[in-house]
Amino acid sequence: MPPTRNDVPIGVTATDEGIVEIAGRSRGTPRVANRLLRRVRDYAELRGDGVVTIEAAFAALKVYDVDDIGLDRLDKAVLVALVAFSAATARAQVLDLAPVRP
């Protein structure tokens with residue numbers, strides 16, 4: 001099997017606690033884990049000593065507005081749109097089922 005993007009190391013120096021924090025917010029997907037790891041790595045290199053610690057992870061994920069379950073602003077916007085669409089669809093279905101009164 002050819003290597004995938006997830007098989008290529010990205011050159012990160014990290015503590016176990018920092019990696020666990022990133023993994024906990026990755027929603028169990030390697031793509032999200034790698035994206036968050038790159039963001040935290042970049043933050044640690046610019047604002048710290050380049051080591052991904054739990055403090056760097058907390059700070060970077062706060063800057064990028066990633067909550068405790070791994071949702072960022074775009075994820076939350078999509079969920080709000082889905083809920084609004086579902087509510088509108090449910091209202092339309094209720095109106096279609098309402099009896100017509102003369």
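Rules behind the numbers
- Residues numbered from 1 in each chain as written.
- Predicted model: local features only at pLDDT ≥ 70, side-chain atom pairs only at ≥ 80, totals over all residues.
- Heavy atoms only, no water.
- Helix = DSSP H or I, 4+ residues; strand = E, 2+ residues; numbered from the N terminus.
- Contact = heavy atoms within 4.5 Å.
- Salt bridge = Lys/Arg side-chain N within 4 Å of Asp/Glu carboxyl O.
- Buried < 20%, exposed > 50% of the residue type's maximum accessible area, 1.4 Å probe, protein only.
- Phe/Tyr/Trp six-rings, centres within 6.5 Å; stacked < 30°, edge-to-face > 60°.
- Lys NZ or Arg CZ within 6 Å of the ring centre and 35° of its normal.

Undergrad: Hey, could you go over the side chain of Arg-41 for me, with residue numbers and the actual values?
TA: Take Arg-41: it is sitting in helix 2 (residues 30–47). In this view, Arg-41 contacts Ile-10, Gly-11, Val-12 and Val-52; residues no more than four positions away in its chain are not counted.

Undergrad: Summarise the pattern of salt bridges; cite the residues concerned and give the values.
TA: Opposite charge on two side chains allows them to pair when their charged atoms are near. In the structure shown here, the tally under the stated rule is six salt bridges. Its salt-bridge partner being Lys-76, residue Asp-67 comes within 3.8 Å of it at the nearest N-O pair. Overall, Asp-67 belongs to the partly exposed group, its relative accessible area being 21%. Taking the relative accessible area as the measure of exposure, Lys-76 reaches 32% and is therefore partly exposed.

Undergrad: Give a description of the packing of aromatic side chains that names residues and reports values.
TA: Applying the stated rule across the entire model yields zero aromatic pairs. One residue, Arg-39, lies across the ring of Tyr-64, its end atom 4.9 Å from the ring centre.

Undergrad: With reference to specific residues and values, describe the environment of Arg-47.
TA: Summarising the element assignment, Arg-47 is placed in helix 2. Along the primary structure Arg-47 and Ala-60 are separated by 13 residues, whereas in three dimensions their C-alpha atoms are 9.3 Å apart.

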